[in-house]
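So you can see what is in the structure, the chains are spelled out below.
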Amino acid sequence: MSSDKLAGESPARKPPSRSRVIMLVDLDYFFAQCEEVRNPSLKDKPVVVCVYSGRSEESGVVSTANYEARKYGVKSGIPIFMAKKKLMNTDAVFLPVDHEYYNTVSEDVIRILKDYADIFEQAGVDEAYLDVSMKVEKNFDRARELARKIKDDVRKSKGLTCSIGIGPNKLVAKIAADIQKPDGLTVVKPDEVQSFFSPLPIGRLIGVGAKTESVMRNLGVKTIGDLAKYDIQSLINLFGEKPGVYFHRASHGMDDQPVKERDETVSISRISTLKKNTRSLGDITEKANQLCEEIHSELLQRGLKFKQVGIIAVMEDVSIHSRMRTLDSPTNDLETLRRNVRELFEKFIEESELEIRRVGVKASGFVKGGHQKRLRSFIE
Ligand code: DCP
Ligand code: CA
Ligand code: CA
């Protein structure tokens, strides 16, 4: 990469290089680390940050846990009672989520990171992509130095550790950041992408969820290298055109997505088809509740609160209707989302005569700017 310096200066001698140097900075065990910062005595203990559902004292899920707690198998998404069981004989501390506090920390860190980038893209409450191609003149060794500086800066000013991945595109940078945690720094130069990707378990590839992973494993595709050798047409037949092409390109470490400043997220919505057309509030609520849960977990990951709740109903004659209401104050509470959605559907059913075919839920009117691109958009 060293001779690339000339690329911008003498395009006549060398075509302009399209190679890039992209960094992903992701804060370690973010919510739990924030808790450690405000209360350093937590540092050596297992710390579990919880989303209490309020139904009973222990109902709810783990938002995140520090690495001490992870040693016992505690991680995001598991039920709180299970985390308590795993940490039974320890001096573990269980804390409720405090999004307001995490958001202020997040904003401070984002402000710091922005200054280091040519182009900056916040990708979540605790992560951001930095295109630093110009800043480091496309030199990956200089990018590594810059990353060390960034880590120092974030540690000194906010007391937080982060993990950084550097690669020729966002996909490689993201996976590189994930591979060594916490406090990691992984640089993957363009000619190292293949050897870096090949041995990784297939589940590491962005966009390969549990379901896809098990399909791939059944095909004998266990590593990203196995996937790279798999015939692209078969992937298309198996997963559809877009995902098939994506899996093929991604397995080879190819990704053209630019790093770009995000617009503020305007809304998060989900829509789904009912098993059969119906006017039964019970059936509709059951489906809508699932959608609420999906929206809720995305809200948490992005650190967003909503002020507006909406429903969408596609009727048996495929006409589309929507209803919306504004809450008194912003919230990210699942029960509030569910209750309002249920009430909106209840009222809507009274007003309409047809059966409903598809139901949708939408949260909007966000107070805090979230910028996360959904991981799925790597595929779309
Ligand atoms: N989060 C959540 N529920 C999830 C996943 C995440 O509430 N299922 C919240 C808590 C996390 C924050 O989002 O602290 C950032 O998520 P990450 O996936 O980056 O995970 P962590 O920062 O907690 O851990 P890591 O050190 O693995 O990055
Ligand atoms: Ca993180
Ligand atoms: Ca993250």
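Small disclaimer: the values here were computed from a predicted structure and weren't measured.

**Some remarks on the coordination of the calcium ion (ligand 3)**
Distances from the calcium ion (ligand 3) to its protein donors, namely Asp 26 (OD), Asp 126 (OD) and Glu 127 (OE), fall within the range 2.2 to 2.4 Å. For the calcium ion (ligand 3), the single-chain donor residues occur in sequence as D-x99-D-E. Between the calcium ion (ligand 3) and the calcium ion (ligand 2), both coordinated by Asp 26, there is a metal-metal distance of 3.6 Å. You can see Asp 26 sitting in strand E1 (residues 22-27) and its partner Glu 127 sitting in strand E6 (residues 127-131), a full 101 residues away along the chain. Taking the relative accessible area as the measure of exposure, Asp 26 reaches 7% and is therefore buried.

**What about the coordination of the calcium ion (ligand 2)?**
Distances from the calcium ion (ligand 2) to its protein donors, Asp 26 (OD), Leu 27 (O) and Asp 126 (OD), fall at 2.1 to 2.3 Å. Classification of the site at the calcium ion (ligand 2) as octahedral follows from its six donor atoms and the range of 80 to 166° in their angles at the metal. Between the donor residues of the calcium ion (ligand 2), the gaps in sequence give the motif D-L-x98-D.

**Topic: the sheet that holds strand E9 (residues 267-278)**
Read across the open sheet, the four strands follow the order E9-E12-E10-E11; overall the sheet is antiparallel. Of all strands in the sheet, those bounded by a partner on one side alone are E9 and strand E11 (320-331). Across the sheet, the mean angle separating the axes of adjacent strands is 15° when strand polarity is ignored. The strands that helix H12 (residues 281-302) touches are E9, strand E10 (306-315) and strand E12 (356-364); relative to E9, the one it contacts most, it runs at about 160°. Where helix H13 (residues 334-351) meets the sheet, its contacts fall on E10, E11 and E12, and the angle it forms with E10 comes to roughly 40°.

**Quick word on unusual backbone geometry**
A cis amide bond links Lys 181 to the next residue, Pro 182, at an omega of -5°. For Glu 137, which is not a glycine, the phi torsion comes out positive at approximately 50°. Note on Glu 137: relative accessible area 34%, which makes it partly exposed. The phi dihedral of Val 318 falls on the positive side, at around 55°, and the residue is not glycine.

**Observations regarding the pairing of strand E2 (residues 47-52)**
Counting buried positions along E2 yields five of six residues, so the element is predominantly enclosed. Of the strand pairs in this sheet, E2 and strand E4 (residues 93-96) are connected by four bridges, and their pairing is parallel. Across the sheet, Val 49 pairs through a bridge with Leu 95, a residue of E4. Pairing geometry for E2 and strand E3 (residues 60-65), over five bridges, is antiparallel. Counterpart to Tyr 52 in the pairing with E3 is Gly 60.

**Quick notes on the site of ligand 1**
Taken together, 14 residues lie near ligand 1, and Tyr 29, Ser 63, Thr 64, Tyr 67 and Lys 181 sit nearest. Lys 181 is positioned with one of its side-chain polar atoms (N or O) 2.8 Å from an oxygen atom of ligand 1. Bound to the protein, ligand 1 loses 79% of the 550 Å² it would expose on its own. Elements with a contribution of two residues or more to the shell around ligand 1: E1, helix H1 (30-38), E3 and helix H2 (67-70). Classifying every residue of the shell around ligand 1 gives five nonpolar, four polar and five charged.

**Concerning the packing of H12 against H13**
Relative orientation and spacing of two packed helices are given, respectively, by the angle between their axes and the distance between those axes. Where H12 meets H13, the axes come as close as 9 Å, and the angle between the chain directions of the two elements is 145°. H13 is crossed by H12, and the crossing has right-handed handedness. Facing H12, whose interface residues are Leu 281, Ile 284, Thr 285, Ala 288, Asn 289, Cys 292, Glu 293, Ile 295 and His 296, H13 presents Leu 334, Leu 337, Arg 338, Val 341, Arg 342, Phe 345, Glu 346 and Ile 349. Among the residues making up the contact of H12 with H13, the classes are represented as ten nonpolar, three polar and four charged.

**What about the pattern of salt bridges?**
Where charged atoms from two side chains of opposite charge approach closely, those side chains can pair. Applying the stated criterion across every chain yields a total of 28 salt bridges. Its salt-bridge partner being Asp 183, residue Arg 155 comes within 3.3 Å of it at the nearest N-O pair. Residue Arg 155 is located in helix H5 (residues 140-158), and its partner Asp 183 is located in the loop between helix H6 (170-179) and strand E8 (185-187); the two are separated by 28 residues in the primary sequence. When its relative accessible area of 34% is taken as the criterion, Arg 155 is described as partly exposed. Residue Asp 183 is classed as partly exposed on the basis of its relative accessible area of 36%. Between Glu 351 and Arg 323 there is a salt bridge, with its nearest N and O atoms 3.0 Å apart.

What counts as what
- Note that residues are indexed from 1 along each chain, following the sequence as it is written.
- Chain labels run from A onward and ligand labels from 1 onward, assigned in the order the entries are written.
- Confidence filtering applies because this is a predicted model: local features only for residues at pLDDT of at least 70, side-chain atom pairs given and counted only at 80 or more, and all residues used for totals across whole chains, interfaces and linings.
- Note that water and hydrogens are dropped before the side-chain values are worked out from all heavy atoms of the structure.
- Nitrogen, oxygen and sulfur within 2.8 Å of a metal are treated as its donors, or within 3.2 Å for sodium, potassium and calcium (Na, K, Ca); water is not counted, so a site can appear incomplete.
- Each helix is a run of H or I in the DSSP string that is no shorter than four residues. Each strand is a run of E no shorter than two, and both are numbered from the N terminus.
- Only protein chains enter the accessibility calculation, which uses a 1.4 Å probe; a residue is then buried when its area is under 20% of its type maximum, exposed when over 50%, and partly exposed in between.
- Under this scheme a four-donor centre is tetrahedral when all angles range from 85 to 135 degrees, a four-donor centre is square planar and a six-donor centre octahedral when opposite donors are above 155 degrees with the rest from 65 to 115, and any other centre is irregular.
- One requirement defines pairing of two strands: DSSP has to find at least two bridges between them.
- Lines fitted to the C-alpha atoms define the axes, with helices restricted to the stretch that makes contact. Angles between their N-to-C directions range from 0 to 180 degrees.
- A contact between two residues is defined here by any heavy atoms of the two lying within 4.5 Å.
- Here a residue is considered near a molecule or strand provided that any single heavy atom belonging to it is located within 4 Å of it.
- Polar contact is defined as a pair of N or O atoms within 3.5 Å, subject to the rule that within protein one atom must be able to donate a hydrogen and the other to accept it, and that residues adjacent in sequence are counted only when both atoms are side-chain atoms.
- Surface accessibility follows the Shrake-Rupley procedure with a 1.4 Å probe radius. Residue values consider only the protein chains on display as shielding.
- The residue classification treats Ala, Val, Leu, Ile, Met, Phe, Trp, Tyr, Cys and Pro as nonpolar and Asp, Glu, Lys and Arg as charged. All others, Gly included, are polar.
- Here a crossing is called left-handed whenever its near helix is offset anticlockwise from the far helix by less than a right angle, and right-handed whenever the offset is clockwise.
- For this document, the term salt bridge refers to a Lys or Arg side-chain nitrogen within 4 Å of an Asp or Glu carboxyl oxygen.

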